[in-house]
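# Breakdown of the fold
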Amino acid sequence: MIVTLDGPAGAGKSSAARQLAQRLGFRFLDTGAMYRAVTLAGMQAGIDLDDEAALARVAAEMDLELTGERVLLAGQSVTRAIRTFEVTTLTRHAADNQQVRKLLVDRQRAWAAAGNVVTEGRDQATVVFPNAECKIYLTASEGERARRRLADLLANGEDLTYDEVLQKQRARDAQDRDRPYGGLARTPDSIEVNTDGLTPEEVVDQLEETVRRVRAELARR
Ligand code: DC
């Protein structure tokens, strides 16, 4: 079974999806980490991130391993390094690069072929797994998302204000939505879950309930 979780930045997708996968005994794929890793690999290689062919080469050649919560690039842990404000801002180069997207979509499909998975991103239901059995669209209000993002960045040792985070978030929302290929969109068959006012545990509870309900419906058919 494939469970897709799409939605805007800061809706709490990553940690919720990871815990959901744990509860279900499914594997978890954080596709945002893949776009971030391509960006970091490009920065480390010293290429111009606007050079589409060069960045696509980096994506094709990078040695990326996603194991549990850890992200390894050429054997080195980049779990925290891919979540800095700088990498977050620059990741649009990878996300807007069609060649990079195609490479990562192929990797995501190959990764999911092995069995039950929860995948998380922007285009999982629309582009990567249009036939997924359970599609979830996770949202939260703009203010709540910015507050959560700020808390994460502060915990990661960065020094930013709420307004800075909110402004960047607005820009990123627009970029994510308007991307011509792989842009954030809700499919008609997605189930929407709004996480405003819910604790992280309540979010996972709702997601688990949703997946179990869909699974039971499928079994009855
Ligand atoms: O979910 P995230 O914040 O880690 O994602 C980082 C960036 O990558 C985000 O700006 C959108 C992009 N992204 C994408 O275009 N497609 C995906 N499947 C996942 C992320």
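For the structure itself, look to the data block above.
Throughout what follows, the structure given in this document is the object of discussion. Going along each chain's sequence as written, the residues are numbered from 1 onward. For a predicted model such as this one, the threshold for reporting local features is a pLDDT of at least 70, and the threshold for listing and counting side-chain atom pairs is 80 or more; totals across whole chains, interfaces and linings nevertheless cover every residue. Where side-chain values are given, they derive from all heavy atoms of the structure, hydrogens and water being excluded.

What follows concerns the sheet that holds strand 5 (residues 76-77). Any two strands with at least two DSSP-identified bridges between them are counted as paired. Each helix corresponds to a stretch of at least 4 residues labelled H or I by DSSP, and each strand to a stretch of at least 2 residues labelled E; elements are numbered beginning at the N terminus. The strand order across the open sheet formed by 3 strands is 3-4-5, and the pairing between neighbours is antiparallel. A strand with exactly one partner marks an edge of an open sheet, and here the two such strands are strand 3 (64-67) and strand 5. As paired elements, strand 3 and strand 4 (residues 70-73) share 4 bridges and run antiparallel to each other. Looking at strand 4, one finds that E65 is bridged to L72. Strands in contact with helix 2 (residues 31-45) are strand 3 and strand 4; relative to strand 4, the strand with the most contacts, it is inclined by about 35°. Note on contacts: a residue pair qualifies if any of its non-hydrogen atoms lie within 4.5 Å across the two residues. Fitted lines through C-alpha atoms serve as axes, helices being fitted only where they are in contact, and the angles separating the N-to-C directions of these axes extend from 0 to 180 degrees.

Attention shifts here to the pairing of strand 6 (residues 117-121). As a general feature of sheets, a regular strand has side chains that alternate between the two faces. The element strand 6 is extensively covered by neighbouring structure, given that 5 of its 5 residues are classed as buried. Using a 1.4 Å probe on the protein chains alone, a residue whose accessible area is under 20% of its type maximum counts as buried, one over 50% counts as exposed, and one in between counts as partly exposed. Here strand 6 shows a buried face lined by V117, T119 and G121 and a second buried face lined by V118 and E120. As defined by bridge partners, strand 2 (residues 27-30) adjoins strand 6 across 4 bridges and the pair is classed as parallel. Of the residues in strand 6, the one forming a bridge with D30 is E120.

Another aspect to go through is the packing of helix 8 (residues 142-155) against helix 9 (residues 162-178). The geometry of helix 8 relative to helix 9 is characterised by a closest axis approach of 9 Å and an angle of 115° between their N-to-C directions. Once helix 8 is placed against helix 9, the crossing between them reads as right-handed. Side by side, helix 8 and helix 9 meet where E142, G143, R145, A146, R147, R149, L150 and L153 of the first sit next to Y162, V165, L166, Q169, R170, R172 and D173 of the second. Note: crossing handedness is left-handed where the near helix turns anticlockwise from the far helix by less than a right angle, and right-handed where it turns clockwise.

Put simply, two rings from Phe, Tyr or Trp (the six-membered ring, in Trp's case) pair if the centres are within 6.5 Å, and we call them stacked under 30 degrees between planes, edge-to-face over 60, tilted for the rest. Within the structure shown, the criterion is met by 0 aromatic pairs. Either the NZ atom of lysine or the CZ atom of arginine qualifies as a charge over a ring when it sits within 6 Å of the ring centre and within 35 degrees of the ring normal. Just above the ring of W111 sits the side chain of R27; from NZ or CZ to the centre is 3.9 Å.

Phi is mostly negative for residues that are not glycine, and the peptide bonds are mostly trans. Its identity as a non-glycine residue notwithstanding, A74 has a phi of 50°, on the positive side. Along the chain, the position of A74 falls in the loop between strand 4 and strand 5. Here A74 falls in the exposed class, since its relative accessible area comes to 56%.

On to the site of the ligand, then. Contacts to the ligand come from 17 residues, most closely from R36, R101, R122, D123 and R172. Note that an oxygen atom of the ligand is positioned 2.9 Å from one of the side-chain N or O atoms of R122. The separation between a nitrogen atom of the ligand and a polar side-chain atom of D123 is 2.8 Å. The protein chains shown are the only cover counted for residues, whose accessible areas, like all others here, come from Shrake-Rupley with a 1.4 Å probe. The protein chains hide 97% of the 450 Å² of surface that the ligand would expose on its own. Secondary structure elements with two or more residues in the shell around the ligand: helix 2, strand 6 and helix 9. The criterion for a residue being near a molecule or strand is simple. One of its heavy atoms has to lie within 4 Å of it. A 3.5 Å cut-off defines polar contacts: any pair of N or O atoms within that distance qualifies, except that in protein one atom must be a possible hydrogen donor and the other a possible acceptor, and neighbouring residues in sequence count only when both atoms are side-chain atoms.

The subject of this paragraph is a negative patch on the surface. A surface patch of negative charge is lined by D48, D50, D51 and E52. Mapping E52 onto the fold places it in helix 3 (residues 52-61). Assessed through its relative accessible area of 41%, E52 is described here as partly exposed. The patch calculation keeps residues exceeding 30% relative accessible area without a salt bridge and links them within 9 Å when they carry like charges or within 5 Å when they are nonpolar (Val, Leu, Ile, Met, Phe, Trp, Tyr). Salt bridge criterion: a side-chain nitrogen from Lys or Arg within 4 Å of a carboxyl oxygen from Asp or Glu. When charges are counted, Lys and Arg contribute as positive and Asp and Glu as negative, whereas His and the chain ends are disregarded. For this purpose, a charge sits on NZ of Lys, CZ of Arg, CG of Asp or CD of Glu.

As a further point, take the nonpolar core. Counting residues in each nonpolar core, the largest one holds 24 residues, and the members touching the most others are V38, L64, L73, V100 and L104. Taken together, the elements giving at least two residues each to this core come down to helix 2, helix 3, strand 4, helix 5 (92-95) and helix 6 (98-112). Residue contributions to this core peak at 7 residues, all from helix 2. Leave out the neighbours within four places in its chain, and V100 touches Y35, V38, L55, A56, A59 and A94. What we call a nonpolar core is a set of buried Ala, Val, Leu, Ile, Met, Phe, Trp, Tyr and Cys residues that are connected through their side-chain atoms within 4.5 Å. Within the second largest apolar cluster, 20 residues are counted, among which are M1, L20, F26 and F28.

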